[in-house]
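If you want the building blocks of each chain, they are given just below.
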Amino acid sequence: MDKQTIIESFAEQSHPDVLQMFDRSSLEELVAKHETPFMVLDLSEIDYQYKSLQAALPGVKLFYALKALSHPELIKRLKSLGSNFDLATIGEVELVESLGIKGDQCIHTHPIKKDKEIQRALDFGCNRFVVDNMAEMKKFIKYAGKVELIIRVSFRSKQAVVDLSRKFGCALEELPQLVELAQKNGIEVVGLSFHVGSQSLSPMTQSNAIRASVAAMKVMNSVNWKFLDIGGSFPVSYQETVLPIDDFCAPLMEALSELPEGIEVFAEPGRFISAPSMIEVVSVVGKAKRGARTWYYLDDGVYGGFSGQMFDHASYPLAPLKPFDALGEFLPSVLAGPTCDSIDVVAEDIELPEMQIGDILIGKQMGAYTIASATEFNYYPKPKVVVVEDIFDPETEAL
Ligand SMILES: Cc1ncc(COP(=O)(O)O)c(C=O)c1O
């Protein structure tokens, strides 16, 4: 069965088994070797996702957004695949620099920066920055001649799970005054960008944003436009099934065909590249019958690897490692994290077969915005990351 058929078959089952038979045997070997909780980073998934997105967006230059997951092995793999990188902080600059990535393979996309952050990125050799307001544009007056600026425009998106245009991006009508300020001070504006929101469930906002950006570029013909950056947003299937990436990108490619010759297109994918690359392995450490439901206490929760449930509004597919048919009837259950806080609940109103202390559960699609935002609240350490090459390969060894 190919990946898309598996995803579609889940949607039809009343208790979808997110772990297929072939997942279980290789996972059992990893569980025997590592103490829970731990996450498994499968580098072959990075290859698959990167190549799928590049095939769906031919000619578009991909800048992986480090914020989603910045494990050095993932970055090294993307570097070997020819990826570029989207950076937002000094920490991210220093991480890619330490891995031999060059400044001209990167863009700095944070719309709000301290001067020392601009300086550090320039020292690294990254000279393309994003701005979205007059105060930020003024910070670049002293760097005129040394930087190329991309202006971020806001296109609100109600259908995206995380609407990033609420916080960043100028209105289209503000573009002329930003360009005028830049030109008056000899600052080179070279592109427009937008990010319609993460986990976008429809490509329409993004394709409309492309068309609006193309129109704005044509009107502002005093600018030597070199780039259009269409942001991230490319969705993955969590509990819900999303459009296959080719179908999601087809309307974007159609809108991009209206771009004037010679303008290069960038994208900043984070979630799409990294989400499917990690699973989390946790154990049941406690069990209590409370009212009609059984509460299972796990050794990691929303303060750790499941932090994306709080910050990223994600709900991960979860299943016991034991085959469903060995476990019996499905009963109303709650999965709770280990900390002393009552908000630390991973899944409520979930139906699960009866489990025992020591049983293992697996969370899937846990590579993006999970460990990246995990804390060590209550002094629980963050789950360690085990790196493998292909989790479905029976010969799998941790790298
Ligand atoms: C500026 C910027 N670029 C790219 C991304 C990555 O977006 P996604 O994970 O939706 O691909 C984000 C996410 O917050 C972002 O803020």
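Residues numbered from 1 in each chain as written. Predicted model: local features only at pLDDT ≥ 70, side-chain atom pairs only at ≥ 80, totals over all residues. Heavy atoms only, no water.

## What about the domain arrangement of the chain?
Buried accessible area, meaning the area lost when the parts come together, often serves as the stated size of an interface. To be explicit about the condition: Each domain's limits were defined by an automated method or a database of domain assignments. When checking whether two residues touch, look at their non-hydrogen atoms; a contact exists if any pair is within 4.5 Å. Two parts placed together each lose some accessible area under a 1.4 Å probe, and the buried area is that loss summed for both. Salt bridges are defined by distance alone: a side-chain nitrogen of Lys or Arg within 4 Å of a carboxyl oxygen of Asp or Glu. Polar contacts here mean pairs of N or O atoms no more than 3.5 Å apart (in protein, one a potential hydrogen donor and the other a potential acceptor; neighbouring residues in sequence count only if both atoms are side-chain atoms). Polar here means any residue other than Ala, Val, Leu, Ile, Met, Phe, Trp, Tyr, Cys and Pro, which are nonpolar, and Asp, Glu, Lys and Arg, which are charged; Gly is therefore polar.
Looking at the chain, the domain boundaries give domain 1 (14-41 + 276-388) and domain 2 (70-269). Using C-alpha coordinates to define each centre, domain 1 is positioned 35 Å away from domain 2. Each partner contributes residues to the interface: domain 1 has twelve residues there, and domain 2 has ten residues. Interface area, domain 1 with domain 2, both sides summed: about 920 Å², of which 63% is carbon and sulfur. The interface formed by domain 1 and domain 2 contains zero salt bridges. At the junction of domain 1 with domain 2, the criterion picks out two residue pairs in polar contact (both at pLDDT 80 or more). For the side of domain 1 that touches domain 2, the per-class residue count stands at eight nonpolar, three polar and one charged.

## A short note on the site of the ligand
Quick reminder of the rule: Note on terminology: near, applied to a residue and a molecule or strand, indicates that one of the residue's heavy atoms is within 4 Å of it. Note on areas: these come from Shrake-Rupley sampling with a 1.4 Å probe, and a residue is covered only by the protein chains present in the view.
Every one of the 15 residues lining the ligand counts as a neighbour, but His195, Ser198, Glu268, Gly270 and Tyr369 are closest to it. Note that a nitrogen atom of the ligand is positioned 3.0 Å from one of the side-chain N or O atoms of Asp86. Within the contact set of the ligand, a nitrogen atom lies 2.5 Å away from a side-chain nitrogen or oxygen of Glu268. Within the complex, the protein chains bury 92% of what would otherwise be the 390 Å² of accessible surface of the ligand. Residue composition of the shell around the ligand, by class: four nonpolar, six polar and five charged.

## Some points on the pattern of salt bridges
Note the following rule: A helix here means a DSSP run of H or I that spans at least four residues, while a strand means a run of E at least two residues long, and both kinds are numbered starting from the N terminus. Only protein chains enter the accessibility calculation, which uses a 1.4 Å probe; a residue is then buried when its area is under 20% of its type maximum, exposed when over 50%, and partly exposed in between.
Within this structure, the stated rule accounts for 20 salt bridges. Here Arg77 ties to Glu389 by a salt bridge, and the two come within 2.8 Å at their closest N and O atoms. Of this pair, Arg77 sits in helix H4 (residues 72-81) while Glu389 sits in the segment after strand E18 (384-388), placing them 312 residues apart in sequence. Take Arg77: its relative accessible area is 18%, and that puts it in the buried class. Looking at Glu389, the relative accessible area reads 33%, which means it is partly exposed. The partner of Lys226 in a salt bridge is Glu188, with the nearest N and O atoms 3.5 Å apart. Placement of the pair is Lys226 in the loop between helix H9 (204-219) and strand E10 (227-229) and Glu188 in strand E8 (residues 188-193), with a sequence separation of 38 residues. Here Glu188 falls in the partly exposed class, since its relative accessible area comes to 34%. When salt bridges that share partners are traced, they join Asp47, Lys51, Arg77 and Glu389 into one network.

## Digging into helix H5 (residues 90-98)
Put simply, the rule reads: Here the arc refers to the set of directions running from the helix axis out to each C-beta atom.
Of all the positions in H5, only Glu92, Val93 and Val96 are classed as buried. All buried residues of H5 lie within an arc of 105 degrees about the axis, which places them on one face of the element. Buried residues belonging to H5 abut H4, strand E3 (84-87), strand E4 (106-108) and helix H6 (115-124). After H5 finishes, the residue Gly100 shows a positive phi value of roughly 80 degrees.

## A few points about the environment of Asp115
The topology assignment puts Asp115 in helix H6. On the basis of relative accessibility, which here comes to 34%, the residue Asp115 falls in the partly exposed class. Taking the C-alpha atoms as reference, Asp115 lies 33 Å from Gly305; in sequence the two are 190 residues apart. Ignoring sequence-local partners within four residues, the contact set of Asp115 consists of Lys142 and Tyr143.

## Focus: the nonpolar core
Let me state the cut-off plainly: What is meant by a nonpolar core is a set of buried Ala, Val, Leu, Ile, Met, Phe, Trp, Tyr and Cys residues, joined one to another through side-chain atoms within 4.5 Å.
The biggest cluster of nonpolar side chains holds 98 residues, and the ones touching the most others in it are Phe85, Met137, Ile151, Leu228, Ile230, Phe234 and Leu335. Residue contributions to this core peak at six residues, all from helix H10 (residues 245-256). Viewed by domain, this core spans two of them, domain 1 (14-41 + 276-388) and domain 2 (70-269), each represented by three or more residues. Residues within four places of Phe234 in sequence aside, it is in contact with Leu53, Leu57, Gln206, Ile245, Phe248, Cys249, Leu252, Ala267, Pro269, Arg271 and Phe272.

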